[in-house]
Each structure stands twice: as C-alpha cells, then as structure tokens.
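What follows is the residue order along each chain.
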Amino acid sequence: MRIGPHDVAVLFSPQIDLELARDGCAARSDTERLTIEIRSDLSPSVRHETLLHEVLHHVWNLTALPELLGEHEEVVVRSLAPILSGVVQFVDRR
C-alpha cells in the first residue's frame, strides 16, 4: 500500500492473528519498518476501519502533527477513522 512516499506492507498471517489476539489488539503499525499487521478474522467493516486507523498513524508521522499534537495522536486517529471509513476505499489485494 502506498502511503505518501512510502510502500507500506499490510501483513496478515495466522501467527500475526495469534500475537495480536494475545495482546488484545486488532492491528498494529510500525512506522519505522513501514508495516501494518492486521488480524485476518475481523469482519470486513471492522477490518476496513481498522486498516484506515493504522494508515492514519502512518499519515500522522508524515506530517508536522507530531510536533504540534504529539501526545494526542491516538485520540485524533481514533476520532477520524470511523468518520473517514465511509468515504475511503481500499483495494483488498490479499
């Protein structure tokens, strides 16, 4: 997936499913490794919103927002993802 100037790998696997479930997470992002790991057992609508949530973390780090609102990243991302999920479409290339 292209996010700004970066190719970000979106990863699904049984091992990722186990790790995320153990940690109580639906997904996680690594903006340095340029990866998004997401559970494959999520419903399509939850997977869509969750992927958008993780994409927004990557977008956040490409902007000046960390300098302006750094400690509020999760609140901003959590607020935007459900609203934007109705207007943003991803192509599922799994």
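Let me begin by describing the structure that accompanies this report. (Residues numbered from 1 in each chain as written. Predicted model: local features only at pLDDT ≥ 70, side-chain atom pairs only at ≥ 80, totals over all residues. Heavy atoms only, no water.)

**Regarding the nonpolar core**
Okay, so step 1: The biggest cluster of nonpolar side chains holds eight residues, and these are Ile-3, Val-8, Ala-27, Ile-36, Ile-38, Leu-42, Leu-51 and Val-55.
Okay, so step 2: Beyond its immediate stretch of four places on either side in the chain, Ile-36 contacts Ile-3, Val-8, Ala-9, Val-10, Leu-11, Arg-28, Ser-29, Leu-51, Glu-54, Val-55 and His-58. (Core = buried A, V, L, I, M, F, W, Y, C linked by side-chain atoms within 4.5 Å. Buried < 20%, exposed > 50% of the residue type's maximum accessible area, 1.4 Å probe, protein only. Contact = heavy atoms within 4.5 Å.)

**A few points about the sheet that holds strand S4 (residues 27-30)**
Okay, so step 1: Spatial strand order, S3-S5-S4: three strands in an open sheet with mixed pairing. The two strands at the open ends of the sheet, each matched to only one other strand, are strand S3 (9-11) and S4. Shown here is a sheet whose adjacent strand axes are inclined to one another by a mean of 15°, direction ignored.
Okay, so step 2: Bridge analysis of S4 against strand S5 (residues 35-38) gives four bridges, and the strand direction is antiparallel. Bridge pairing in S5 links Ser-29 to Ile-36.
Okay, so step 3: Sitting on the sheet, helix H1 (residues 14-23) touches S3, S4 and S5, and the angle it makes with S5 is about 80°.
Okay, so step 4: In the packing of helix H2 (residues 44-61) onto the sheet, the strands contacted are S3, S4 and S5, and the crossing angle to S5 comes to about 155°. (Pairing = 2+ DSSP bridges. Helix = DSSP H or I, 4+ residues; strand = E, 2+ residues; numbered from the N terminus. Axes fitted to C-alpha atoms, helices over the stretch in contact; angles between N-to-C directions.)

**Here's the deal with the side chain of His-58**
Okay, so step 1: Mapped onto the elements, His-58 comes out in helix H2.
Okay, so step 2: On the basis of relative accessible area, His-58 is assigned to the buried category, the value being 5%.
Okay, so step 3: Here His-58 is in contact with Ile-3, Val-8, Ser-29, Asp-30, Thr-31, Leu-34, Thr-35 and Ile-36, once residues within four sequence places are set aside.

**Some words on the pattern of salt bridges**
Okay, so step 1: Applying the stated rule across the entire model yields eight salt bridges.
Okay, so step 2: A salt bridge links Arg-2 to Asp-7; the shortest N-O distance between them is 3.0 Å. Across the pair, Asp-7 and Arg-2 agree in class, each one exposed.
Okay, so step 3: For Asp-23, the salt bridge goes to Arg-22, with nearest N and O atoms at 3.2 Å.
Okay, so step 4: On the basis of relative accessibility, which here comes to 62%, the residue Arg-22 falls in the exposed class.
Okay, so step 5: Residues joined by salt bridges that share partners form a network here, namely Glu-19, Arg-22, Asp-23, Arg-28 and Glu-37. (Salt bridge = Lys/Arg side-chain N within 4 Å of Asp/Glu carboxyl O.)

Honestly, it's all geometry; don't read function into it.
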